[in-house]
Amino acid sequence: MNEHTLDPIERLLVERACERLIIEFVHRLDLGDPGSVAELFTPDGTWQWPADGRRITGRDALRVYFGSRPADRLSRRICTNVLVTVTSDDTATATTYFTTYRVDGYSGGLVPPRPPVQVGHYEDTFLKVDGTWLLTTRTLFLSFAGPTERLDGPGPS
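Residues numbered from 1 in each chain as written. Predicted model: local features only at pLDDT ≥ 70, side-chain atom pairs only at ≥ 80, totals over all residues. Heavy atoms only, no water.

(A) View of the pairing of strand E4 (residues 91–104). With 12 bridges joining them, strand E3 (residues 74–88) and E4 adopt antiparallel strand pairing. Within E4, the position partnered with Ser 75 by the bridge is Arg 102. Counting the residues in the hairpin turn of E3 and E4 gives two residues. Bridge count for E4 against strand E5 (residues 118–129) is 10 bridges, and the pairing is antiparallel. Note that in E5 the partner of Ala 92 across the bridge is Phe 126. Where E4 meets strand E7 (residues 149–150), two bridges bridge the pair, whose relative direction is parallel. Bridge assignment links Val 103 to a residue of E7, and that residue is Glu 149. (Pairing = 2+ DSSP bridges. Helix = DSSP H or I, 4+ residues; strand = E, 2+ residues; numbered from the N terminus.)

This is the structure:
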């Protein structure tokens, strides 16, 4: 089974479900409850960042990891060029480009524009579990990166 043998409407539904997970991930980090990102993964799901060896596996560990972001962090992630590939009835992969704008020490109001602190792409794998699409792995690859500026401090953190 591949994306060419799947009914075109079914393929579109899978692609949309996976795209929604990609968008929900960044929405929860930026505007929601960051720890709840864990619920978008399979119970044994993994978030990894090969450049520095970070690898977080399992919903409990993911909840702690993403939930530990600073409470005074303001961030916005922009995702684009989402390419989902359906690989079977219950698996898919995706590549998504992203740009992250982020500062710590935010206490409200408008922040003057800053350059992005990260530009890169995610490589994701998905699994359909009991009728629901979930992330099994999210791997982050950075092309450009810098420190997160602290607004109320002397410099980047």
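Here the narrative resumes, following the displayed structure.
(B) Examining the environment of Pro 8 more closely. Its location among the elements puts Pro 8 in helix H1 (residues 8–31). Accessibility expressed as a relative area gives 48% for Pro 8, which makes it partly exposed. Spatially, the C-alpha atom of Pro 8 lies 48 Å from that of Ser 107, the residues being 99 residues apart in sequence. (Buried < 20%, exposed > 50% of the residue type's maximum accessible area, 1.4 Å probe, protein only.)

(C) Region of the structure containing the pairing of strand E1 (residues 41–49). The buried fraction of E1 is high, at seven of nine residues. The pairing of E1 with strand E6 (residues 132–145) spans four bridges and is parallel. Along E6, the bridge assignment pairs Thr 46 with Thr 137. In terms of strand pairing, E1 meets strand E2 (residues 54–57) through four bridges, oriented antiparallel. Paired with Thr 46 across the strands is Thr 57, a residue of E2.

(D) Structural context of the environment of Leu 12. Mapped onto the fold, Leu 12 is located in helix H1. With relative accessibility at 47%, the residue Leu 12 sits in the partly exposed group. Between the C-alpha atom of Leu 12 and that of Val 86, which follows or precedes it by 74 residues, the distance is 9.3 Å.

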